[in-house]
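# Summary of the model geometry
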Amino acid sequence: MTLKGTLTMPIPKLLQLAKNNASQSKPIRADTEGKEATIYLHGVIGGWWGDIDETMFAQAMAGIDADVIHLRIDSPGGDVFAARSMMTAIAQHKATVIAHVDGLAASAATGICMACDEVEISQGAGFMIHNAWTVAVGNKADMTKTGELLAKIDTGLAGDYTRRTGKDEAQIVQWMDEETWFTADEAKEHGFADRVVEVVGKKKASATWDLSAYDNAPAALANRKTEPDDGAAAAAHKANLSRRLALLERSAA
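Residues numbered from 1 in each chain as written. Predicted model: local features only at pLDDT ≥ 70, side-chain atom pairs only at ≥ 80, totals over all residues. Heavy atoms only, no water.

With that settled, consider helix H2 (residues 54–62). Glu54, Phe57, Ala60 and Met61 are the residues of H2 that are buried. Around the axis of H2, the buried residues are gathered within 120 degrees of arc, so they sit on the same side. For H2, exposure combined with an orientation more than 90 degrees from the buried face picks out Gln59 and Ala62. If you follow the buried residues of H2, they end up packed against strand S2 (36–42), strand S3 (68–75), helix H3 (80–92) and strand S4 (96–106). Put simply, Asp53 is the residue that caps the front of H2, since its side-chain oxygen is 2.9 Å from the backbone nitrogen of Thr55. (Buried < 20%, exposed > 50% of the residue type's maximum accessible area, 1.4 Å probe, protein only. Helix = DSSP H or I, 4+ residues; strand = E, 2+ residues; numbered from the N terminus. Arc of directions from axis to C-beta. Contact = heavy atoms within 4.5 Å. Polar contact = N/O pair within 3.5 Å; in protein donor to acceptor, adjacent residues only side chain to side chain.)

A few words now on the pairing of strand S5 (residues 118–122). By the criterion of burial, S5 is predominantly enclosed, with 4 of the 5 residues buried. Note: S4 against S5, 4 bridges, orientation parallel. For Ala99, the partnering residue across the bridge sits in S5 and is Val119. In terms of handedness, the path from S4 via helix H4 (residues 108–115) over to S5 forms a crossover that is right-handed. Examined bridge by bridge, S5 and strand S8 (residues 195–197) share 3 bridges and lie parallel to one another. Paired with Ser122 across the bridge in S8 is Val197. (Pairing = 2+ DSSP bridges. Right-handed = clockwise from strand over helix to strand, strands pointing away.)

A cluster of acidic residues, Asp185, Glu186, Glu189 and Glu198, forms a negative patch on the protein surface. Here Glu186 shows up in helix H7 (residues 184–189). (Patch = residues over 30% accessible without salt bridge, like charges linked within 9 Å, V, L, I, M, F, W, Y side chains within 5 Å. Areas by Shrake-Rupley, 256 points an atom, 1.4 Å probe, with all protein chains shown as cover. Salt bridge = Lys/Arg side-chain N within 4 Å of Asp/Glu carboxyl O. Lys, Arg positive; Asp, Glu negative; His and termini not counted. Charge placed at Lys NZ, Arg CZ, Asp CG, Glu CD.)

Side chains of nonpolar character tend, in soluble globular proteins, to be buried together. Formed by 52 residues in total, the largest nonpolar core has its most connected members in Ile39, Leu41, Phe57, Leu71, Phe127 and Phe192. For this core, the leading source of residues is H3, giving 7 residues. Contact partners of Ile39, with chain neighbours within four places excluded, come to Ile28, Arg29, Ala30, Phe57, Ala60, Met61, Ile64, Ile69, His70, Leu71 and Arg72. By size, the runner-up hydrophobic cluster in this structure holds 7 residues, among which are Leu104, Ala106, Met128 and Trp181. (Core = buried A, V, L, I, M, F, W, Y, C linked by side-chain atoms within 4.5 Å.)

This is the structure in structure tokens:
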């Protein structure tokens, strides 16, 4: 998970995660049929880092009049505060919200899952929790304050996971410290997910995320392959993300 801020130096992990996955992020899409709606969250979380913009998400949620909302999630993570904003929109909606981890819920994406009424994960999908990341510039007092802020964020995240899973907080903190990747069965076993869904006979819709910014990413998740999308809309979307990341890189220089 990441924090927003003014960037004045190279940011290996943060920029790497956003830059390497920009081409696979998809614009938020919401479909409604009868009393059920579906929102697709396939990309890096946070309007600056990726294309799952928290404001657009909150607006999409507010515009849905349905009894059930399905969130189809495939995300390598992103901005922790953007995810928190999205969690609030989920919690305050009248509908039953069901998270479906179609391919990957890593970092900030797991927080979104914690706000949902139910979580189901596809067999073969992944779920990862870790401590927050950020970038800071300044003297030792600035660094101390940044460390204190990160500690507070980690405590909040650990509380979310603890309340959802019923696990001892010390165990959750250890998993976060170690950047722990769970299989679908492990996510269910430890209480992060309510059920595992078998995907048999159909190709799983999932992006190919570059997870090299993480230390412990399983090779099976890091090397997934999918068919490219060469449509005009996808090309325009990718160009827009490239422009954002170019600006980000210039500010980091």
